[in-house]
Amino acid sequence: MNKWRVELRRGLDTAVHDDRVLPITRWVARIIVPFLAAAFLVLYGFPTRTTELFAWTIRPEMTPIIMGAGYGAGVFFFYRVSTADEWHTVAPVFLGITTFTWFMAIATVLHWENFNHTHVTFALWVFLYAVTPVLVPAVWALNRRTDTGELGADDVRLPRTVRVLGGSLGLVVTVSAIVLFVAPDLMIGVWPWTVSPLTARILAGWFALFGVVNGAVVLDERWSAARILVQSELLGFSLVLVGVVRVWDNFDTSNVLTWGVVGGMILYLGATLALYLGMERR
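Residues numbered from 1 in each chain as written. Predicted model: local features only at pLDDT ≥ 70, side-chain atom pairs only at ≥ 80, totals over all residues. Heavy atoms only, no water.

A. Fine view of the overall build of the protein chain. Along the protein chain, the regular secondary structure elements total eleven helices and zero strands. Counting from the amino terminus, the protein chain carries its helices and strands in the arrangement α-α-α-α-α-α-α-α-α-α-α. A compact globule built from 282 residues should have a C-alpha radius of gyration of about 19 Å, and the protein chain, at 19 Å, falls within 12% of that. Seen through its principal axes, the protein chain has C-alpha atoms that stretch 55 × 50 × 30 Å. Classification of the 282 residues of the protein chain by burial places 50% in the buried group. (Helix = DSSP H or I, 4+ residues; strand = E, 2+ residues; numbered from the N terminus. Rg over C-alpha atoms; globule rule 2.2 N^0.38 Å. Buried < 20%, exposed > 50% of the residue type's maximum accessible area, 1.4 Å probe, protein only.)

Following this line, the structure appears as C-alpha cells:
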C-alpha cells in the first residue's frame, strides 16, 4: 500500500504543468459514462415510462426529456475527457458538473419520499449523487495542477465580448438557479409546463450547470478551453429542442414564458453555433 502511494505521488508530481489528463481522471470518466448513457436512454427515449424505468415518476414528459438531453451531452463530454490529451480542454465543465451534483444530492435528501425506493435505478441514483459531489471536485483539484495556463502556438483567444457576455449570462443563470432551488414555488407558478417541487429543483440544478460552465469562460481566454464545452452545449440544446417538438402539447401556449424559454433556447443555439464555426475558421 505504501509503495502504491509513493507511485501515485510520484505520478502526480511529474504531471505538474504538463497539461495532461491524469489516468485517474480518465478512469472516473469511463466509469461515469455508462450511468449517464443509461439515464439518457430511459429519460430521453421513454419519457412516458419513468414510473417503471426510473428512480421516481416524472410528469409531464418535457422534464425527463430535458434531463435525458443533459445526460446525453454528459456522455459526449465524459467520453471526450477519457480521450483528451490536454486537461485544460475539459477543465471548465468540471466546475459546472460539481455544482450540478451538489444540487442533485440536496434535492434527493429534501424529497426522499418522492422516490421509488424499491427500484434498482433509485439505488443507482443515490450511489451516483452520493459519490460524484465529492469525486468530481476532487478529480478537478488533482488534475488542475497540470494546467500551464498558457496560450498554445496553434490556439486562439476568445473575443473579449464573448467572454463578458458568456460570464454575465452565466452569473445571471446561476443566481436564478439558486433562487429557484431555494424557492421552487416561484417556478411552479409560472413555468411553461407543469413542475413539482422536486422537478423544479432538478431543473434548477441543470440551470446551475449551464450557468457555471458559461461563467467559466471568464477564467480562461483560450478557445481550446471552450471548444468541448461548446460542442457539448450544441448537442444538449439540439436534443432539448427536438424534445420540444416531440412533446409540444406539454406547453402552455398562452403563457408568455413558453415563447421566451423556447425562443431563448433557439437563439442561444444559433449564437453558439455561429461562435463555434467562427472560432474554428480562425
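Next comes the rest of the write-up.
B. View of helix H9 (residues 197–215). If you check H9, its first and last C-alpha atoms are 26 Å apart, about what 19 residues at 1.5 Å a residue would give, namely 27 Å. Of all 19 residues that make up H9, 16 are buried, and the element is covered over most of its length. (Expected span 1.5 Å × (residues − 1).)

C. Up close: the confidence of the model for the protein chain. Per-chain confidence: the protein chain averages 93 in pLDDT, with 94% of residues scoring 70 or above. Across the protein chain, element-level confidence peaks in helix H4 (residues 62–83) with a mean pLDDT of 98 and bottoms out in helix H1 (residues 2–15) with 51. (pLDDT = per-residue confidence, 0-100.)

D. Summary view of the environment of Val 218. Locating Val 218 in the fold gives a position in the loop between H9 and helix H10 (223–246). When its relative accessible area of 41% is taken as the criterion, Val 218 is described as partly exposed. As a C-alpha pair, Val 218 and Gly 167 span 51 residues in sequence and 5.6 Å in three-dimensional space. What Val 218 contacts, discounting residues up to four positions off in sequence, is Arg 163 and Gly 167. (Contact = heavy atoms within 4.5 Å.)

E. Quick peek at helix H2 (residues 23–45). For H2, with 23 residues, the first-to-last C-alpha span of 32 Å sits near the 33 Å given by 1.5 Å per residue. Its axis deflected by about 25 degrees at Val 33, H2 carries its strongest bend there, up to four residues before the proline Pro 34. Among all positions of H2, only Thr 25, Arg 26, Val 28, Ala 29, Ile 32, Leu 36, Ala 39, Val 42, Leu 43 and Tyr 44 are buried. As for H2, its buried residues are in contact with helix H3 (50–53), H4, helix H5 (91–110), helix H6 (120–143) and H10. (Bend = angle between axes of the 7 residues up to and from the residue.)

F. How the structure looks around the pattern of salt bridges. Within the structure shown, the criterion is met by six salt bridges. Arg 222 is the salt-bridge partner of Asp 147, the closest N and O atoms lying 3.1 Å from each other. In this pair, Asp 147 is assigned in the loop between H6 and helix H7 (160–182) and Arg 222 in the loop between H9 and H10, connecting sequence segments 75 residues apart. The partner of Glu 221 in a salt bridge is Arg 157, and the shortest N-O contact between them spans 3.0 Å. Of this pair, Glu 221 sits in the loop between H9 and H10 while Arg 157 sits in the loop between H6 and H7, and the two are 64 residues apart along the sequence. (Salt bridge = Lys/Arg side-chain N within 4 Å of Asp/Glu carboxyl O.)

G. Just the packing of aromatic side chains, in detail. All told, the structure shown has 27 aromatic pairs when counted by the stated rule. Geometrically, the ring pair formed by Trp 191 and Phe 207 is tilted, given 5.7 Å between the ring centres and 45 degrees between the ring planes. With Trp 191 in the loop between helix H8 (185–188) and H9 and Phe 207 in helix H9, the pair connects residues that are 16 residues apart, well separated along the chain. Take Phe 207: its relative accessible area is 22%, and that puts it in the partly exposed class. Of the aromatic side chains, those joined through ring pairs into one cluster are Phe 54, Trp 56, Tyr 71, Phe 100, Trp 112, Phe 115, Phe 122, Trp 125, Tyr 129 and Trp 206. A cation sits over an aromatic face here: Arg 30 above Trp 27, 5.0 Å from the ring centre. Between the NZ or CZ atom of Arg 246 and the centre of the ring of Tyr 44, over which it lies, the distance is 5.0 Å. (Phe/Tyr/Trp six-rings, centres within 6.5 Å; stacked < 30°, edge-to-face > 60°. Lys NZ or Arg CZ within 6 Å of the ring centre and 35° of its normal.)

H. Region of interest: the side chain of Glu 233. Relative to the helices and strands, Glu 233 resides in helix H10. Arg 227 is the oppositely charged side chain nearest to the buried, salt-bridge-free Glu 233, at an N-O distance of 14 Å. Other than its neighbours up to four places away in sequence, Glu 233 contacts Phe 210, Val 213, Asn 214, Tyr 268 and Thr 272. (Lys, Arg positive; Asp, Glu negative; His and termini not counted.)

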